[in-house]
Every structure is written in structure tokens, then in C-alpha cells.
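Working through the structure, step by step
Residue strings, one per chain:
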Amino acid sequence: IGFVGFGSLGSMLGRGFSNNFNVTYHDPKVNGTQSDYKKVGSLKLLAKNADIIIVATPASEFKKVINKLVLYDIKDKLIIDVLSTKVLASRVYKDNNAQIGNILSLHPLFGPPSNNDFIKDMRIVVCQNDGPKAKDFCDVLKNDYNFKLITKSAKDHDKHMALHHAVPFVLAHV
């Protein structure tokens with residue numbers, strides 16, 4: 001698995017998947033000595049060598065990353081995003097559909113602020129599951145990690161998450 005973005009969420013997922021997968025990452029913001037995993041010097045090298053690419057960048061960088069990845073031959077790769085905004089991800093994927101053969105759009109309902117360790121039995125929202133490699137990876141999540149997969153449309157996901165995040169924020173400031 002190659003990660004694009006190895007900050008808090010990317011590195012947490014990397015630690016969790018390292019039991020079953022060889023983990024590499026590309027993140028210019030992370031010093032290579034800060035991690036136990038191999039840092040790849042370019043997005044091109046990561047795209048060439050990783051069969052599964054997990055994009056764990058801020059939403060503001062997602063479109064730029066996907067637009068760069070499709071310049072490399074990624075048709076047979078599995079592209080996974082872990083963005084918290086799924087309508088954006090679905091639009092970017094739609095714009096690049098011909099160059100991406102396997103897409104899995106996930107939103108883990110756990111993360112570094114609540115959990116520094118990768119724990120089995122957690123919930124993940126699946127908003128897009130296209131291609132045989134995406135379906136196979138969902139099987140790995142269910143069978144090897146015992147994750148509970150919740151299927152939602154991108155629009156329903158974003159609406160639900162907006163309410164979920166907005167209500168506590170408003171209540172905390174009232």
C-alpha cells in the first residue's frame with residue numbers, strides 16, 4: 001500500500017495495515033526519519049510501485065493529487081480516498097473515470113484524535129466501490145479487520161456528517 005499523505009490519519013492507517021501489507025508513503029511535509037515506513041521520493045514512483053494507493057490528504061489537495069496520479073498508468077491500481085467530504089471525491093473521480101479502474105471512497109468513523117491505534121471492529125462508510133480490486137479490499141476490511149462497512153451515497157454521507165459535526169459544534173458554543 002502506498003499512501004499519498006502520511007500525517008495523523010495516513011500514518012495511523014499505515015500502522016494498522018502494516019501487519020498485512022508492505023507500507024510506503026509519499027508526503028513532502030513528512031521527514032523520512034519520522035516514520036518506520038519507506039518514504040518514496042515522488043508521486044510517480046509511488047504510483048509505479050504500489051498496487052493500492054490511499055490518498056490521505058486534506059480535501060483542498062485531493063483534486064490536484066488525483067490529477068497528477070492519472071498522468072501515470074494507474075488503471076489497474078486500486079485508488080482509495082479517506083476524505084471526510086465525499087461529494088468532492090465523487091466529482092473528481094467522475095472527471096477522471098477513464099483513467100481509474102478501481103475506486104474505493106471510504107470515511108473511517110474513527111481517527112487520530114479519538115484513536116491512535118488501529119482497532120478492529122470499527123465502522124467505515126463506503127461511498128463508492130467500483131472495480132474488482134475495490135470489492136476485494138472491502139472483503140479484506142470485513143474479514144481480516146472485522147470492520148463494519150456502511151454503504152451510503154456521497155450526498156447522504158456529506159449531509160449526515162454535516163449534521164453530526166455541526167450540532168456538537170453549535171451546542172459547544174451556545
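Before going into details, it helps to say that this report is about the structure given with it. Keep in mind that this is a model prediction, so the values were computed, not measured.

Let's talk about empty space enclosed by the protein
The tally for this structure, following the rule as stated, stands at 1 cavity of 30 Å³ or more. Each pocket or cavity is described by its volume, and for the largest cavity that value is around 70 Å³. Lining of the largest cavity is provided by Leu13, Phe17, Ile54, Ile80, Val82, Leu106, Pro108, Phe110, Ile124, Phe137 and Leu141. Looking at the lining of the largest cavity, the elements with two or more residues in it are α1 (8-17), β6 (102-108) and α5 (132-143). In terms of residue class, the lining of the largest cavity is made up of 11 nonpolar, no polar and no charged.

Concerning the sheet that holds strand β4 (residues 52-55)
Reading across the sheet, the 8 strands line up as β3-β2-β1-β4-β5-β6-β7-β8 and stay open at both edges, with mixed pairing between neighbours. Strand pairing shows two members of the sheet lacking a second neighbour, β3 (38-39) and β8 (148-151), which therefore form its edges. Across 4 bridges, strand β5 (residues 78-81) lies against β6 in parallel orientation. Directly across from isoleucine 80, in β6, lies its bridge partner leucine 104. Contacts from helix α4 (residues 86-95) reach β5, β6 and β7 (123-130) within the one sheet, and its direction differs from that of β6 by about 170 degrees. Packed onto the sheet, α5 meets β4, β5, β6, β7 and β8 and runs at close to 35 degrees relative to β6.

Digging into unusual backbone geometry
Not every positive phi belongs to a glycine, and asparagine 146 is a case in point at roughly 60 degrees. Mapped onto the secondary structure, asparagine 146 falls in the loop between α5 and β8.

The rules behind the values
- Residues numbered from 1 in each chain as written.
- Predicted model: local features only at pLDDT ≥ 70, side-chain atom pairs only at ≥ 80, totals over all residues.
- Heavy atoms only, no water.
- 1 Å grid on protein atoms, 1.4 Å probe; cavity = no way out; pocket = protein on both sides within 12 Å on 5 of 7 lines; lining within 4 Å.
- Points joined across faces, edges and corners; volume = space filled by probe spheres on them.
- Helix = DSSP H or I, 4+ residues; strand = E, 2+ residues; numbered from the N terminus.
- Nonpolar A, V, L, I, M, F, W, Y, C, P; charged D, E, K, R; others polar.
- Pairing = 2+ DSSP bridges.
- Contact = heavy atoms within 4.5 Å.
- Axes fitted to C-alpha atoms, helices over the stretch in contact; angles between N-to-C directions.

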